[in-house]
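For reference, the chains in residue letters:
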Protein chains: 2
Amino acid sequence: MIFMKILLKNCRYILTQNKNRDILENQSILIEENKISKISKSIKGNFDEIIDCSKKLVMPGLINCHTHVAMTLMRGIADDMNLEDFLKKTFRLDKEMDKDKVKKGAEIGIIEMIKSGTTCFQDLYYYEDVVAEVAEKFGMRAVLAWAVLDKEYTTQKGEPLKNAIKFSKSIKSELIKPAFGLQGVYVCSKETFEKSKKYANEKKLLLHMHLSETRKEVEEHIKKTGKSPTKWLYEIGFLSENLSAAHCVWLTDEEIKMLNEKNVSVVHCPSSNLKLASGCMPWKEMKKFGVNISLGTDGCASNNNLDMFEEMHISALIHKYASMDARVANAQEILDSATIFGAKALKINSGSVEEGKLADLITLDISDLRWFPLNKNTLISHIVYSINSSCVIDSIINGKIIMRERKILK
Amino acid sequence: MIFMKILLKNCRYILTQNKNRDILENQSILIEENKISKISKSIKGNFDEIIDCSKKLVMPGLINCHTHVAMTLMRGIADDMNLEDFLKKTFRLDKEMDKDKVKKGAEIGIIEMIKSGTTCFQDLYYYEDVVAEVAEKFGMRAVLAWAVLDKEYTTQKGEPLKNAIKFSKSIKSELIKPAFGLQGVYVCSKETFEKSKKYANEKKLLLHMHLSETRKEVEEHIKKTGKSPTKWLYEIGFLSENLSAAHCVWLTDEEIKMLNEKNVSVVHCPSSNLKLASGCMPWKEMKKFGVNISLGTDGCASNNNLDMFEEMHISALIHKYASMDARVANAQEILDSATIFGAKALKINSGSVEEGKLADLITLDISDLRWFPLNKNTLISHIVYSINSSCVIDSIINGKIIMRERKILK
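The paragraphs below set out a description of the structure included in this document.

## Observations concerning the overall build of chain A
Scanning chain A for helices and strands turns up 14 helices and 17 strands. Principal-axis analysis of the C-alpha atoms places the extent of chain A at approximately 65 × 50 × 40 Å. Across chain A, the fraction of contacts at a sequence separation of at least 24, relative to all contacts at a separation of at least 6, is 71%. Per element, the accessible surface of chain A, about 14,900 Å² overall, is 48% carbon and sulfur. The positive charge centre, built from 60 side chains, and the negative charge centre, built from 54, are 3 Å apart in chain A.

## Digging into the relation of the copies chain A and chain B
Superposing chain A onto chain B requires a rotation of 180° together with a translation of 0.0 Å along the rotation axis, leaving an RMSD of 0.0 Å. Seen this way, the second copy is the image of the first under a two-fold rotation axis. Rotation axis and chain A: the residue whose C-alpha lies nearest the axis is Ser390 of chain A, separated from it by 3.2 Å. A share of 100% of interface residues in chain A that are also interface residues in chain B marks the association as one of identical surfaces.

## Observations regarding the interface of chain A and chain B
On the chain B side, the residues contacting the 55 residues of chain A number 55 residues. Interface area for chain A against chain B, summed over the two sides, is near 4,400 Å², with a carbon-plus-sulfur share of 62%. Our enumeration of links across chain A and chain B arrives at six salt bridges. Applying the counting criterion to the chain A and chain B interface returns 30 residue pairs in polar contact (both at pLDDT 80 or more). Of all the secondary structure elements, the ones that give two or more residues to the side of chain A that touches chain B are helix 2 (99-115), helix 9 (270-275), helix 11 (308-323) and helix 14 (379-386) of chain A.

## Concerning unusual backbone geometry
Of note, the amide linkage connecting Phe372 of chain A to Pro373 of chain A takes the cis form, showing an omega dihedral of -5°. Mapped onto the secondary structure, Pro373 of chain A falls in the loop between strand 14 (361-365) and helix 14. In this chain, Asn303 of chain B is followed by Asn304 of chain B through a cis amide linkage whose omega measures 15°. For His247 of chain A, which is not glycine, the phi dihedral falls at a positive 85°.

## Overview of the packing of helix 12 (residues 331-338) of chain A against helix 14 of chain A
Residues and elements named next belong to chain A. Look at helix 12 against helix 14: their axes get within 9 Å of each other, and the N-to-C directions meet at 70°. When the axis of helix 12 is compared with that of helix 14, the two are roughly perpendicular. Here helix 12 contributes Ala331, Gln332, Ile334 and Leu335 to the contact with helix 14, which in turn contributes Ile380, Ser381, Ile383, Val384 and Tyr385. In the contact of helix 12 with helix 14, the residues fall into seven nonpolar, two polar and no charged.

## Observations concerning the packing of aromatic side chains
In total, this model carries 13 aromatic pairs over all chains according to the counting rule given. Ring plane angle 75° and centroid distance 4.8 Å describe the contact between Phe193 of chain B and Phe238 of chain B, whose orientation is recorded as edge-to-face. Linking Phe193 of chain B in helix 5 (residues 190-203) with Phe238 of chain B in the loop between helix 7 (229-235) and strand 11 (243-247), this pair joins segments that are 45 residues apart in sequence. Classification of Phe193 of chain B as buried rests on a relative accessible area of 0%. In this structure Phe238 of chain B comes out as buried when scored by relative accessible area, which is 1%. Across from the ring centre of Tyr13 of chain A, 4.4 Å away, lies the NZ or CZ of Arg12 of chain A, which sits over that ring.

## Observations regarding helix 6 (residues 215-225) of chain A
Residues and elements named next belong to chain A. Listed as buried for helix 6 are Glu217, Val218 and His221. On an axial view of helix 6, the arc spanned by its buried residues comes to 95°, and they lie on one face. Residues of helix 6 that are buried in the fold lie against strand 10 (206-211) and helix 7 (229-235). Of the residues one or two after helix 6, Gly226 is the one with positive phi, at around 85°.

## Points about the sheet that holds strand 6 (residues 62-67) of chain B
All names here are of chain B. Taken in spatial order, the eight strands line up as 6-7-8-9-10-11-12-13 in an open sheet, and their pairing is parallel. Pairing within the sheet leaves two strands with one partner each, and these edge strands are strand 6 and strand 13 (292-295). Put simply, the sheet's adjacent strands are angled 25° from each other on average, direction ignored. Where strand 12 (residues 265-268) lies against strand 13, four bridges are found, and the strand directions are parallel. Looking across to strand 13, one finds that His268 is bridged to Leu295. Sitting on the sheet, helix 2 (residues 99-115) is in contact with strand 6 and strand 7 (118-125), with an inclination near 150° to strand 7. Lying on the sheet, helix 4 (residues 160-170) is in contact with strand 8 (141-148) and strand 9 (176-182); it crosses strand 8 at an angle near 155°.

## What to know about the nonpolar core
Judged by nonpolar contacts, the single largest core of 222 residues is most densely connected at Phe180, Leu364 and Ile383 of chain A together with Phe180, Leu364 and Ile383 of chain B. Discounting residues that sit within four places of it in the chain, Leu364 of chain A has contacts with Lys55, Lys56, Leu57, Met59, Phe309, Trp371, Ile383, Ile387, Cys391, Val392 and Ile393 of chain A.

## Some points on the sheet that holds strand 13 (residues 292-295) of chain A
Residue and element names in this part refer to chain A. Read across the open sheet, the eight strands follow the order 6-7-8-9-10-11-12-13; overall the sheet is parallel. Each edge of the open sheet carries a strand with a single partner, namely strand 6 (62-67) and strand 13. In this sheet, neighbouring strand axes are inclined to one another by 25° on average, regardless of whether the strands run parallel or antiparallel. As paired strands, strand 6 and strand 7 (residues 118-125) are joined by four bridges and run parallel to one another. Pairing of Ile63 across the sheet is with Cys120, part of strand 7. Seen against the sheet, helix 12 touches strand 6 and strand 13 and runs at an angle of roughly 75° to strand 13.

## Describing the pattern of salt bridges
Residue and element names in this part refer to chain A. Across all of its chains, the model carries 46 salt bridges over all chains by this definition. In this structure, Glu191 engages Lys195 in a salt bridge whose closest nitrogen and oxygen atoms are separated by 3.6 Å. Linking Glu191 with Lys195, this pair stays in helix 5 (residues 190-203), spanning four residues, or about one helical turn. With a relative accessible area of 43%, Lys195 lands in the partly exposed category.

Cut-offs and rules
- Residues numbered from 1 in each chain as written.
- Chains lettered and ligands numbered in written order.
- Predicted model: local features only at pLDDT ≥ 70, side-chain atom pairs only at ≥ 80, totals over all residues.
- Heavy atoms only, no water.
- Helix = DSSP H or I, 4+ residues; strand = E, 2+ residues; numbered from the N terminus.
- Contact = heavy atoms within 4.5 Å.
- Areas by Shrake-Rupley, 256 points an atom, 1.4 Å probe, with all protein chains shown as cover.
- Lys, Arg positive; Asp, Glu negative; His and termini not counted.
- Charge placed at Lys NZ, Arg CZ, Asp CG, Glu CD.
- Least-squares fit on C-alpha atoms with pLDDT ≥ 70 in both.
- Buried area = accessible area lost by both parts, 1.4 Å probe.
- Salt bridge = Lys/Arg side-chain N within 4 Å of Asp/Glu carboxyl O.
- Polar contact = N/O pair within 3.5 Å; in protein donor to acceptor, adjacent residues only side chain to side chain.
- Axes fitted to C-alpha atoms, helices over the stretch in contact; angles between N-to-C directions.
- Parallel < 35°, antiparallel > 145°, perpendicular 65-115°, else oblique.
- Nonpolar A, V, L, I, M, F, W, Y, C, P; charged D, E, K, R; others polar.
- Phe/Tyr/Trp six-rings, centres within 6.5 Å; stacked < 30°, edge-to-face > 60°.
- Buried < 20%, exposed > 50% of the residue type's maximum accessible area, 1.4 Å probe, protein only.
- Lys NZ or Arg CZ within 6 Å of the ring centre and 35° of its normal.
- Arc of directions from axis to C-beta.
- Pairing = 2+ DSSP bridges.
- Core = buried A, V, L, I, M, F, W, Y, C linked by side-chain atoms within 4.5 Å.

What follows is the structure, encoded as structure tokens:
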């Protein structure tokens with residue numbers, strides 16, 4: 001891989017998302033190899049590429065912590081129906097997915113994500129080897145969690161856990177982290193959870209899963225085991241800081257405390273949860289107990305796009321309503337979830353614009369009137385509440401320019 | 001005013017929003033004077049302008065039935081705070097508004113609306129004479145409701161109702177309809193409501209108002225009068241088909257029936273209601289009783305943009321959650337609210353692409369991958385759930401091209 005020396009020159013604003021959440025004005029960013037090496041008023045030297053950012057805002061690329069990227073092929077085909085009908089329809093279509101379809105879906109989805117400001121995503125699906133190839137081709141960073149579930153429930157050929165292990169061994173890439181994606185307690189036995197965790201721990205792999213998405217899931221697990229999914233996972237020892245759990249809609253305070261105690265990151269997917277009428281993740285309570293909340297779009301069958309700017313906007317709105325308190329889920333918290341907290345969930349050295357961090361950055365055009373009035377105090381508000389992803393102009397991932405002036409280079 | 005003969009040639013799709021909600025393929029649209037004169041496979045003749053629509057979708061322009069356009073100046077300055085603090089802050093800033101500021105705010109807001117596909121809006125504010133000038137300049141259609149409230153509560157110079165009457169007399173325009181905008185039961189006496197209605201009826205003017213936006217408004221009116229705002233307005237005879245009422249969050253079934261009996265149109269403003277934690281309009285119940293639901297963005301202090309595509313998306317999501325039923329607020333219903341039902345609320349002969357209707361149309365670029373998979377069955381889904389307003393390419397209002405290839409011509 002050939003790395004370059006890139007200068008982001010005279011950035012009008014840099015939204016650092018560092019510890020102090022500093023916003024810098026009129027500074028330049030030097031990218032060397034795959035990292036941010038310097039941020040300063042004046043940087044001199046020779047550069048392979050110079051991007052004039054005097055009319056742009058530079059910020060960390062967004063991190064989409066839960067999707068099924070191949071499902072872009074199912075966009076708009078299962079709307080406005082209850083979960084049972086939705087699952088029937090998507091399960092039928094899932095069965096028809098082959099490597100060619102996964103490739104096409106991944107291409108569409110990855111282009112969509114790059115264009116809407118995402119620089120890293122976590123995927124839960126099968127044929128992740130194909131998704132890995134596509135991500136590599138476009139230069140996209142990804143955590144690819146091969147779907148693991150009991151053999152009797154799967155549409156995969158072969159045994160899911162074995163497939164996942166085989167996949168994890170095959171990946172040798174700076175951009176791709178393999179992971180195990182436990183489908184959910186409704187299709188995974190205790191043994192499947194335990195085996196997955198054991199292997200993941202040995203090989204230092206991340207774990208991902210669907211958790212407490214619907215009331216039905218929780219009620220049926222209580223009927224089956226006497227315990228809620230979270231409590232059951234806590235007791236079998238599956239919860240850990242290497243796990244990110246998507247949805248987490250139906251949780252009690254006690255369960256939220258368990259997630260926090262075990263340093264599990266949750267992945268909030270508001271569009272999908274609202275659209276399927278699953279419910280609303282208890283944001284206020286999670287914040288109260290200190291849980292790390294990241295953000296995800298879920299797949300296109302239930303969202304129906306992969307746009308993290310929309311996900312930020314919808315998150316900020318829904319929790320005010322759900323809590324009947326307009327102070328809940330403020331703009332800074334929301335931005336944190338889409339950047340630095342996402343990086344924490346996926347154990348990636350990104351999510352902020354700081355020296356030493358991976359160079360996963362996007363630039364935004366700030367000339368549109370939806371940025372008016374524009375000043376340091378309104379920037380984050382406009383990102384969360386006003387603009388849309390069409391403002392994303394350039395994308396740099398792992399020190400390489402992936403999109404320039406809205407043109408994807410690969 | 002000079003009208004032209006415009007041909008929208010070979011439209012890939014026409015989303016008519018006619019009675020049958022037909023979607024036409026590969027047909028052309030002839031615009032003569034300010035109306036749609038013909039829709040057909042082949043239209044021959046001489047035209048002043050031809051727009052190639054072979055790679056575009058043509059649909060009715062969106063109708064934003066409630067905003068305070070000058071408040072674009074207050075975007076991002078009162079976020080994440082409860083209503084009391086929000087009102088304190090915006091009231092203070094409202095007092096500082098003069099004609100120059102209203103002009104600037106209206107310019108920004110109208111440009112934003114054109115770029116995001118709105119071809120008609122209803123405004124509630126003062127200095128509507130200034131807003132009218134700006135709307136005329138850009139060629140935007142508008143219903144401008146001068147804010148009417150009791151003298152002791154207003155920041156206006158002079159008596160609000162007299163100002164509103166004076167304004168209504170001054171308007172002689174095809175594009176602008178003057179109206180009276182009753183601020184709300186908390187600042188308008190019975191006499192103010194009655195006088196406004198009497199004058200409006202005589203002069204055939206529309207009435208607009210804020211209604212039951214917050215729980216507090218309802219509770220205080222019950223304390224003051226023994227009746228809820230809607231019941232009180234019903235009994236004093238203010239409700240009629242000429243009234244559109246914004247928000248309507250806190251309503252009982254009985255009140256919804258009253259609105260329907262009197263053919264009042266409601267204007268749903270989901271972003272604003274969620275962001276201020278006001279609540280969620282009872283969509284399912286309104287549909288059950290047959291109320292005409294239109295859609296609005298509200299002002300930029302509480303939204304914080306004027307993008308009707310976002311308003312559609314958010315509406316479609318929130319009512320599924322609020323009703324715990326994913327079938328509620330389906331994509332077609334949502335699109336109806338933003339087009340044909342908005343036209344009904346504002347008594348304007350638009351909202352659909354049909355021969356004889358006003359030529360208020362937009363074209364959308366359908367090449368973006370967020371339209372994939374693209375066919376007649378997925379179009380409306382993609383408009384509501386997937387794409388964003390950056391797809392809007394051309395805008396025609398009252399038979400004139402207002403925006404072409406995203407460039408506003410005025």
